[in-house]
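# Reading the structure
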Amino acid sequence: MAILEVNGLKVFFHTRNGTVKAVNDISFSVDSGETLAIVGESGSGKSVTCYSLLDLLPKPPAKIEAGTALFEGNDLLTCSKDQMRQHRCNDIAVIFQDPMTSLNPFLTIGEQLIEPLVHHPDKDQAITRRSAKEKAIALLDEVGIIDSQERFDCYPHEFSGGMRQRVMIAMALITEPKLLICDEPTTALDVTIQAQILELIKKLQETRNVAVIFISHDLGVVAGIADKVIVMCEGTIREADITDNIFYKTKDDYTKKLLSAIPEGAKTLPNRSIHGSPLIDVSNLKTYFKNQSGKKDNENQFVKAVDDVSLAISRGEILGLVGESGSGKSTLGRSILQLAPATSGSVKFDDQVLTGMNAKQLVPWRKRMQMIFQDPYASLNPRMTVFETLSEPLLYHGLASKKEIAQHVKQLMDDVGLAQAQLRKYPHEFSGGQRQRIAIGRAIATKPEFIIADEPVSALDVTIQAQILDLILDLVEQHNLTMMFISHDLSVVRYISDRVIIMNRGVIVEQGDTEGLWARPKEPYTKDLLSAIPLADPRSERLRIATR
Amino acid sequence: MNSSIEENSSSLWKDAWIKLSKNRLALFGLAILCILIITSLLTPLIAPYSYEAQNLELGATSPSIQHWLGTDIFGRDMLTRIMYGGRVSLMVGFIATAVALVIGILWGAVAGFFGGRVDAVMMRIVDMLYALPFMIFIILLMVVFGRNILLLFFAIGAVEWLTMARIVRSQVMALRNQEFVEAANSLGLSQWTIIRRHIIPNTLGPVIVYTTLTIPSVMLLEAFLSFLGLGIQPPQSSWGLLINYGVETMEEFPWLLIFPGIALSLTLFALNFLGDGLRDALDPRASKD
């Protein structure tokens, strides 16, 4: 019998601007020991569906219009607050997306772990701190926290992202729930850590026989662990089937679109000439930051974000720079653009040494090199219209007079595929993909020769990601750009780059032309990275998890 | 160039005005403020009586047809005195707050944006001024420069900017590391341009709210100083002073307290409505309706 059965669920948001049908007539069921994946792009209603089960939605504006959600025969949607608290305490647990923000920074992780046990709403079921602690430590061992005895009294900031997500999983499991809801639990993590966490969830599910609802935007991630997949779009179910049928025999256009949007293989760029002469020449670049922890010994005085890196980028080349978080890849990019002062070493742009120039001397060079940032929500000034944002670089560098500016800006809007009618709008009125188009428009406004793109698609949905990547490739071709493409996502880098550099802990681990590196990685770190990429292929994914 | 001219001129301030003009409560506040300001400007022409002519035989009378708002214990017309008092109060409120705004925003923005040593030095200066007893500061100014209403305004403004600088600085420090500021940097914009175009407009929300709180507190501060004999002197008056005297005779002649009180609260209401409206209008993200 299904442990959870959702029937005809409708959740609407009543806002001043009208009603948003976030979830519109959804039905599904999960059995014990089964993993159901809900896949969809942002705004598809996948998270709203799950939050409505636990009464975690803000009401108003949210309102459950219709439907039932039977958990072991009890309707979750109509039960009283006390019953809901019982369910949350005993039966259903959630793992949230961002382990950085879902743990309280002022409490030790141990304190947070035992909280639901010691402060159980039902006084009879509450247990003593001592036995709760024993239970918590056993669980920390199970989720792979080393030295769990000592780590019990550590604060969240003393853990890495992956370790925090393990703690979150332990927290979810401590009440021995029958249903575990994972809301994008690996999205904020590096690819190697993601592989570990996925394995852990799979393993725990098997040993404990819990039902799992796994929410993700990434079909590749769910391929290996899901038994059934639901594809959601705009509040409705587009397709629901067992995993293999979704991946191998889908009939739905939207699912096909999602699958084809996953970047696979390499794109060959026609009509480009890569000259041998380097446009960018970096030699022995070091960028250190003062260590904030305040230890005075000479060893740890500095964080070596970039440690003795040399590289060259030829004209017309797209260089992919890959690394996990903390590898120094973004700092390297910012040091090349002279946005972060280098400690030593030199950066040459077109045979001119940039390091050591002051802000004024750099102005003419800034025009020739630009940057596209990761988060299109943060990289645009919220109080400037698109027109102002795009005209600022043109006016500042004297590339257009006040009279011609409207024409220039419209041309830019065309180049990046935005409707001219949207000139007067503010950033918040655009979707993520459109914002990234604005940011790209700003970067190409000065007709630069060199652009650094720092994770330009990692905040975007997969279909949008594909569009933006194609836009970038188009622009590279049209404007003869040289580009450094920074990303943690190997598939994306493979799709777009001519040559790849792998970075770890501030140094270059391996470099080579893209296909050669994929076919014959030399360094163990590179091999690890490549093997951790989730593929949208359930059979090979299962095989990989099984053989680990 | 047909529609593009409109597009060109579109900016935060213009859009804010369009949005504000749709906000009835804010417009109401603005209208009241305008009426008060215009009345103050025209007071010497339209005031029914002289503000200093006493009529001791008449004494304090309650509102009547001759004296709409009654007379005070010296037989002076209250309406006239409130009108003249409004001149002083509104002036001190706006000038002192404007002084505080300009110094505070610039000081805070520069300190917060550059950080490090610049910030340390600038904020220590603020701390030192905070520690300086306000009264002694004003008395010193009065002794050195002589008693002068304008100087009083600046002195009050020069004290109030400290808090403004603190608020702006903390806002700027959070903004400084935002990606759009870094993007502006990578465009090669000068530091001053970045502060002016990217930083300050994004600090406006809290600044406006604090401004609407500062204006009334400055008005009351002036009353306090005048009460101590450091501000304006009788027979001149201000709303704060009128209220102070009104409190003393509250039980016998309540209208001496009530009417200046209404004038002051009306201003505060208007300011708050306008302030809230401005804050929403200057934030493009606030819903449009």
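Let us look at the structure shown here. The structure displayed is predicted, hence computed values, not measured ones. (Residues numbered from 1 in each chain as written. Chains lettered and ligands numbered in written order. Predicted model: local features only at pLDDT ≥ 70, side-chain atom pairs only at ≥ 80, totals over all residues. Heavy atoms only, no water.)

## Description of the pattern of salt bridges
Residue and element names in this part refer to chain A. The test is simple: Salt bridges are defined by distance alone: a side-chain nitrogen of Lys or Arg within 4 Å of a carboxyl oxygen of Asp or Glu. Segments assigned H or I by DSSP are reported as helices when at least four residues long, segments assigned E as strands when at least two residues long, and all are numbered from the N terminus. To sort residues, take the accessible area from a 1.4 Å probe on protein chains only and compare it with the maximum for the residue type: under 20% means buried, over 50% means exposed, and anything in between is partly exposed.
According to the stated counting rule, one finds 23 salt bridges over all chains in the structure shown. With a shortest N-O distance of 3.9 Å, Glu449 and Arg315 are connected by a salt bridge. Of this pair, Glu449 sits in the loop between α15 (432–444) and β17 (450–454) while Arg315 sits in the loop between β12 (302–314) and β13 (318–322), and the two are 134 residues apart along the sequence. The partly exposed category is assigned to Glu449, whose relative accessible area is 24%. Arg315 gets classed as partly exposed once you look at its relative accessible area, which sits at 25%. Linked by salt bridges that have partners in common, Arg315, Asp350, Arg368 and Glu449 make up one network.

## Describing the packing of aromatic side chains
Stated formally: Stacked, edge-to-face and tilted labels apply to pairs of Phe, Tyr and Trp rings (six-membered ring for Trp) whose centres lie within 6.5 Å, assigned for plane angles under 30 degrees, over 60, and everything in between, in that order.
On inspection of all chains with the given rule, the structure shows seven aromatic pairs over all chains. Aromatic rings pair up to connect B:Phe28, B:Phe269 and B:Phe273 into one cluster.

## A few points about the sheet that holds strand β19 (residues 499–504) of chain A
All names here are of chain A. For the record, the criterion: Paired strands, as defined in this entry, are two strands with at least two bridges between them according to DSSP. Orientation is described by axes fitted as lines to C-alpha atoms, over the contacting stretch for helices, and by angles from 0 to 180 degrees between their N-to-C directions.
The six strands are arranged β16-β17-β18-β13-β19-β20 in an open sheet whose pairing can be described as mixed. Two strands bound the open sheet, and with one partner strand each, they are β16 (369–372) and β20 (507–513). Averaged over neighbouring strand pairs, the angle between their axes works out to 15° when direction is ignored. The sheet contact formed by β13 and strand β18 (residues 482–487) spans five bridges and is parallel. Of the residues in β18, the one forming a bridge with Val322 is Ser487.

## Digging into the environment of A:Glu199
Residues and elements named next belong to chain A. Inspection of the secondary structure assignment puts Glu199 in helix α7 (residues 191–208). Overall, the relative accessible area of 23% leaves Glu199 in the partly exposed class. Taking the C-alpha atoms as reference points, Glu199 and Phe387, 188 residues apart in sequence, are found 48 Å from one another.

## A look at the packing of helix α3 (residues 109–118) of chain A against helix α6 (residues 161–173) of chain A
Residue and element names in this part refer to chain A. Definition in use: For classification purposes, an angle smaller than 35 degrees is called roughly parallel, one larger than 145 roughly antiparallel, one from 65 to 115 roughly perpendicular, and anything else oblique. Handedness of a crossing follows from how the near helix is turned relative to the far one, being left-handed for an anticlockwise turn of less than a right angle and right-handed for a clockwise one. Here, residues are in contact when the closest pair of their heavy atoms is within 4.5 Å.
Axis separation between α3 and α6 bottoms out at 8 Å; the angle between their running directions is 20°. Here α6 runs roughly parallel to α3, going by the angle between their axes. Handedness of the α3/α6 crossing: right-handed. Taking contact as the criterion, the partners of Ile109, Gln112 and Leu113 in α3 are, on α6, Val167, Ala170 and Met171.

## Section: the nonpolar core
All names here are of chain A. What counts, and what does not: Only buried Ala, Val, Leu, Ile, Met, Phe, Trp, Tyr and Cys residues count toward a nonpolar core, and they belong to the same one when joined by side-chain atoms within 4.5 Å.
Core analysis: the biggest nonpolar cluster contains 55 residues, and Ile169, Leu180, Phe214, Leu219, Val222, Val229 and Phe247 have the highest contact counts within it. With six residues, the single largest contributor to this core is α6. Residues Val191, Ala443, Val476 and Ile502 belong to the second largest nonpolar core, which totals 54 residues.

## What to know about the layout of surface pockets
In plain terms, the rule: Only protein atoms enter the 1 Å grid, on which a cavity is a set of points fitting a 1.4 Å probe that cannot get out and a pocket is an open set with protein on both sides within 12 Å along at least 5 of 7 lines, lining residues being those with an atom within 4 Å of a point. Grid points are joined across faces, edges and corners, and a volume is the space filled by probe spheres set on the points. Asp, Glu, Lys and Arg are counted as charged, while Ala, Val, Leu, Ile, Met, Phe, Trp, Tyr, Cys and Pro are counted as nonpolar; the rest, among them Gly, fall into the polar class.
Here the second largest pocket is characterised by a volume of approximately 710 Å³. A:Gln338, A:Leu339, A:Arg366, B:Asn185 and B:Gln191 are, among the 27 residues lining the second largest pocket, the residues nearest its centre. For the lining of the second largest pocket, the secondary structure elements donating two or more residues are α12 (359–366) of chain A together with α8 (179–186) of chain B. Top contributing element to the lining of the second largest pocket by residue count: α12(A), with five residues. Its residues assigned to classes, the lining of the second largest pocket comprises 12 nonpolar, 10 polar and five charged.

## What to know about the sheet that holds strand β6 (residues 92–95) of chain A
Residues and elements named next belong to chain A. The six strands lie next to each other as β6-β7-β8-β3-β9-β10, forming an open sheet whose pairing is mixed. Of all strands in the sheet, those bounded by a partner on one side alone are β6 and β10 (236–242). The average undirected angle you get between the axes of adjacent strands in this sheet is 15°. Note: strand β7 (residues 179–183) against strand β8 (residues 211–216), five bridges, orientation parallel. Following the sheet pairing, Cys182 is matched in β8 by Phe214. Strand contacts of helix α1 (residues 46–53): β3 (35–40), β7, β8 and β9 (228–233), with the helix running at about 145° to β8, the strand carrying the most contacts. Seen against the sheet, helix α2 (residues 81–91) touches β6 and β7 and runs at an angle of roughly 70° to β6.

## Observations concerning the packing of helix α13 (residues 386–396) of chain A against α15(A)
In a pair of packed helices, the angle between the axes and the distance between the axes together describe the arrangement. Residue and element names in this part refer to chain A. Contact geometry for α13 and α15: axes closest at 8 Å, N-to-C directions at 20°. The pairing of α13 with α15 is recorded here as roughly parallel in orientation. The two elements α13 and α15 meet at a crossing, and its hand is right-handed. Across the interface between the two elements, Val386, Thr389, Leu390 and Pro393 of α13 pack against Ile438, Gly441 and Arg442 of α15. A class-by-class count of the residues in the contact of α13 with α15 yields four nonpolar, two polar and one charged.

## Focus: the interface of chain A and chain B
Here is the rule we go by: Computed with a 1.4 Å rolling probe, the buried area is the accessible surface lost when two parts are put together, summed over both parts. Any pair of N or O atoms that falls within 3.5 Å is considered a polar contact. Within protein, one atom must be able to donate a hydrogen and the other to accept it, and sequence-neighbouring residues count only if both atoms are side-chain atoms.
Each partner contributes to the interface: chain A provides 36 residues, whereas chain B provides 34 residues. Interface area, chain A with chain B, both sides summed: about 3,300 Å², of which 51% is carbon and sulfur. Interface area lost by chain A to chain B is led by A:Arg383, A:Glu392 and A:Arg424, which between them contribute 24%. Here chain A is connected to chain B by two salt bridges. A:Glu392 is the partner of B:Arg197 in a salt bridge, and the nearest nitrogen-oxygen pair spans 2.6 Å. Taken together, the connections running from chain A to chain B amount to 15 residue pairs in polar contact (both at pLDDT 80 or more). Those elements that provide at least two residues to the side of chain A that touches chain B are α12, β16, α13 and α14 (405–415) of chain A. Per-element accounting of the side of chain A that touches chain B gives the leading share, five residues, to α13(A).

## Observations regarding a nonpolar patch on the surface
All names here are of chain B. Quick reminder of the rule: Patch definition: residues with relative accessible area over 30% and no salt bridge; like charges joined within 9 Å; nonpolar side chains (Val, Leu, Ile, Met, Phe, Trp, Tyr) joined within 5 Å. Computed with the Shrake-Rupley method and a 1.4 Å probe, the accessible areas treat only the protein chains shown as cover for residues.
Residues Ile37, Ile38, Leu41, Leu42, Leu45, Ile46 and Phe94 make up a contiguous nonpolar surface patch of roughly 670 Å² in combined accessible area. For the nonpolar patch, the leading source of residues is helix α3 (residues 24–46), giving six residues. Relative to the helices and strands, Phe94 is located in helix α4 (residues 78–114). The class for Phe94 is partly exposed, based on a relative accessible area of 31%.

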